[in-house]
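Take a look at the letters that make up each chain.
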Amino acid sequence: CRRRCRRCRGDGAHAPLPPPRPSTRGDIAGACGRQSGPDRRGEESGGAGRAKRAGGCCSMLFLIGLGLGDARDITVKGLEIVKRCSRVYLEAYTSLLSVGKDALEEFYGRELIIAEREMVEQEADDILRDAADNDVAFLVVGDPFGATTHSDLVLRAVKAGIQYCVVHNASILNAVGCCGLQLYNFGEIVSIVFWTETWKPESFYDKIKRNRQTGVHTLCLLDIKVKEQSLENLMRGKKIFEPPRFMSVNEAAEQLLEIIENRRGKGEELALTEDTLCVGLARVGSKDQKIAAATLQQMVKEDLGAPLHSLIITGHMHPMEIEMLKLFAADKSCFNKLISLDGLTCYS
């Protein structure tokens, strides 16, 4: 080598490059840190606040997605972080896995602190306590940003001068593609809530109507009631909680059918009918996941088993989407009333 560089062996030939340096905690922190905003000096950095320990590594809050199935769905990066954090919280009210806390603790090798809605929304400071000096993990079923309360936690962390890092994972928002409907054909996501005797909102129907008018599918996330208080106990200040409830596709279909009857009685043009093709999904990501394509009327009686359930109201469907849905047909007759738009695209 004429330049006699550091790699030259002296005979004009180069020595091989050294092997790449293995990933370290600093690499992960550096990659994650870019997700936060400017620090107190106004410079672009890994987050507000630069608390460092010996070795120059910044402590932070980690929001880690767990995926949809069981303990093994956590990513390798996520598991590495969990094993080294000083405290690990498990969010326990927006969704659930097919396994419980004990199974997660055994697989992760860590004790988990259950974070219920009250803690996350009203006592977030407890979660963020010491996070500027010690790594803290917040575990979320699915993806961390599937619920707005988790965005609130991030904003609180930044305000307190704590860096944060997000480790993403699969969520129901992308996993619904398993039924064969193409993800880019979905519109606004809708939440269907449990009705009571005195409260029967219909706003979710109007959102489905807007999606149907533009030809896109609607993913309906079904209500979850975990550690909820009755109105009576809430008014009396009693910490007595109702049993957990998880809405099924049957209940969601029944509520939609009641709204259809109400709107029909008012002479409104209907956005969907009893014959509209729907897709019910249960326990997506688990070994025993179940998918059923049926009309809205048929979905009332379709048994998909244990929670969690989701419901899709179809829009305009490509022939390939229809062929995929036929793999999950509860009854082939549900495809009999499809209407062709252009000889190719169909809707119901």
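One numbering rule holds for all chains: residues counted from 1, following each sequence as written. Thresholds applied to this predicted model are a pLDDT of at least 70 for local features of residues and 80 or more for the giving and counting of side-chain atom pairs; totals over whole chains, interfaces and linings are not thresholded and use all residues. Remark: hydrogens and water are excluded; side-chain values derive from all non-hydrogen atoms of the structure.

Undergrad: Would you mind going over the pairing of strand 4 (residues 136–140) with me for this structure?
TA: Two faces, one strand: in a regular strand the side chains alternate between the faces of the sheet. Burial analysis of strand 4 places five of its five residues in the buried class, which makes it a mostly covered element. Side chains of strand 4 alternate between two faces, with Val136, Phe138 and Val140 and Ala137 and Leu139 buried alike. Two strands qualify as a pair provided DSSP detects at least 2 bridges between them. A run of H or I in DSSP becomes a helix once it reaches four residues, and a run of E becomes a strand once it reaches two; helices and strands are each numbered from the N terminus. Relative to strand 4, strand 1 (residues 60–65) runs parallel, the two sharing five bridges. Residue pairing across strands places Gly65 opposite Val140, the latter belonging to strand 4. Across four bridges, strand 2 (residues 87–91) lies against strand 4 in parallel orientation. Only protein chains enter the calculation, and the probe is 1.4 Å; a residue is then buried if its accessible area is under 20% of its type maximum, exposed if over 50%, and partly exposed in between.

Undergrad: Would you mind showing me how to read the sheet that holds strand 2 here?
TA: Whether parallel or antiparallel, the strands of a sheet pair through hydrogen bonds between backbone atoms. Taken in spatial order, the five strands line up as 3-2-4-1-5 in an open sheet, and their pairing is parallel. Edge strands, defined here as strands with exactly one partner in the open sheet, are strand 3 (113–115) and strand 5 (163–167). Within this sheet the neighbouring strands show an average axis-to-axis angle of 25 degrees, counted without direction. Two strands pair when backbone bridges link them, and strand 2 and strand 3 are joined in this way by three bridges, in the parallel orientation. Note that in strand 3 the partner of Leu90 across the bridge is Ile114. Angular values range over 0 to 180 degrees, each being the angle between N-to-C directions of two axes fitted as lines to C-alpha atoms, with helices fitted over their stretch in contact.

Undergrad: How do you make sense of the environment of Gly100 when you look at a structure like this?
TA: Turning to its location among the elements, Gly100 is positioned in the loop between strand 2 and helix 3 (101–108). A residue is classified by how much of its surface remains accessible, and Gly100, at 41% relative accessible area, is partly exposed. A C-alpha to C-alpha distance of 8.8 Å links Gly100 and Ala71, two positions 29 residues apart in sequence.

Undergrad: Any chance you could explain helix 2 (residues 76–84) here in plain terms?
TA: Because each turn of an α-helix spans 3.6 residues, side chains separated by three or four positions in sequence point in the same direction. Among the residues of helix 2, Gly78, Leu79, Ile81 and Val82 are the ones counted as buried. Take helix 2 and look down its axis: the buried residues cluster within an arc of 165 degrees, on one side only. The arc under discussion is defined with respect to the helix axis, by the directions toward the C-beta atoms.

Undergrad: Before we go on, may I ask you to explain the pattern of salt bridges in this structure?
TA: Here a salt bridge means any side-chain nitrogen of Lys or Arg lying within 4 Å of a carboxyl oxygen belonging to Asp or Glu. Applying the stated rule across the entire model yields 16 salt bridges. The salt bridge involving Arg263 is made with Glu202; its shortest N-O contact spans 3.0 Å. A residue pair is termed long-range when its members are at least 10 positions apart, and Arg263 in helix 10 (residues 249–265) and Glu202 in the loop between strand 6 (190–192) and helix 8 (203–213) qualify at 61 residues. Taking relative accessible area as the criterion, Arg263 reaches 8% and is therefore assigned buried. Taking the shortest distance from any N to any O, the salt bridge between Arg263 and Asp206 comes out at 3.0 Å.

Undergrad: Is there a simple way to think about the pairing of strand 5 in this case?
TA: Most of strand 5 sits inside the fold, with five of its five residues counted as buried. Residues Gln163, Cys165 and Val167 line one face of strand 5 and the alternating positions Tyr164 and Val166 line the opposite face, and both faces are buried. As defined by bridge partners, strand 1 adjoins strand 5 across five bridges and the pair is classed as parallel. Bridge pairing in strand 5 places Ile64 opposite Val167.

Undergrad: I tried to follow the nonpolar core on my own but got confused; where do I start?
TA: In a soluble, globular protein the nonpolar side chains are often hidden away together inside. What makes a nonpolar core is a set of buried Ala, Val, Leu, Ile, Met, Phe, Trp, Tyr and Cys residues whose side-chain atoms join them at distances within 4.5 Å. Ile192 and Leu311 are the most contacted members of the largest nonpolar core, which has 29 residues in total. For this core, the elements supplying multiple residues, two or more each, are strand 6, helix 8, strand 7 (218–222), helix 10, strand 10 (277–282), strand 11 (290–295), helix 11 (296–299) and strand 12 (309–313). Considering every element that reaches this core, the biggest residue donor is helix 10, with seven residues. We call two residues contacting when some pair of their heavy atoms lies within 4.5 Å. Beyond its immediate chain neighbours, meaning those up to four positions away, Leu311 contacts Thr218, Leu219, Cys220, Leu222, Val249, Ala252, Leu256, Cys278, Val279, Gly280 and Met299.

Undergrad: Hey, could you run me through unusual backbone geometry in this one?
TA: Most peptide bonds adopt trans geometry, and most residues besides glycine take a negative phi value. Going from Pro307 to Leu308, the amide bond is cis rather than trans, its omega being 5 degrees. Positive phi values are uncommon outside glycine, yet Asp130 reaches one of about 65 degrees. With respect to the element layout, Asp130 can be found in the loop between helix 5 (124–128) and strand 4.

Undergrad: Please explain the environment of Ala330 as it appears in this structure.
TA: By secondary structure assignment, the location of Ala330 is in the loop between helix 12 (319–326) and strand 13 (339–340). On the accessibility criterion, Ala330 (39% relative accessible area) is partly exposed. Separated by 51 residues in sequence, Ala330 and Val279 place their C-alpha atoms 9.8 Å apart. Dropping the residues within four chain positions of it, Ala330 is found in contact with Ala293, Ala294 and Glu302.

Undergrad: I keep staring at the packing of aromatic side chains and nothing clicks. Help me out?
TA: A ring pair, where both rings are aromatic, is described by two values, the distance of the centres and the angle of the planes. Only Phe, Tyr and Trp rings are paired, with Trp represented by its six-membered ring, and only when their centres lie within 6.5 Å; those with planes under 30 degrees apart are stacked, over 60 edge-to-face, the remainder tilted. Overall, the coordinates contain one aromatic pair when judged by the stated rule. Ring geometry for Phe107 versus Tyr108: centroids 6.1 Å apart, planes at 70 degrees, classification edge-to-face. The class of Phe107 is partly exposed, set by a relative accessible area of 36%. For Tyr108, a relative accessible area of 0% translates into the label buried. Directly above the aromatic system of Phe194 lies the positively charged group of Arg245, at a separation of 3.9 Å from the ring centroid. Should the NZ of a Lys or the CZ of an Arg lie within 6 Å of a ring centre and within 35 degrees of the ring normal, that charge is described as sitting over the ring.

Undergrad: What is the right way to read the sheet that holds strand 6 from this model?
TA: The strand order across the open sheet built from five strands is 6-7-12-10-11, with neighbouring strands paired in mixed fashion. Where the open sheet ends on each side, the last strands, each with one partner, are strand 6 and strand 11. Pairs of neighbouring strands in the sheet enclose a mean axial angle of 25 degrees, with direction left out of account. Of the pairings in the sheet, the one linking strand 10 to strand 12 comprises five bridges and is antiparallel in character. The partner of Leu281 across the bridge, within strand 12, is Ser310. Its contacts with the sheet put helix 8 on strand 6, strand 7 and strand 12, and the angle it makes with strand 6 is roughly 145 degrees.

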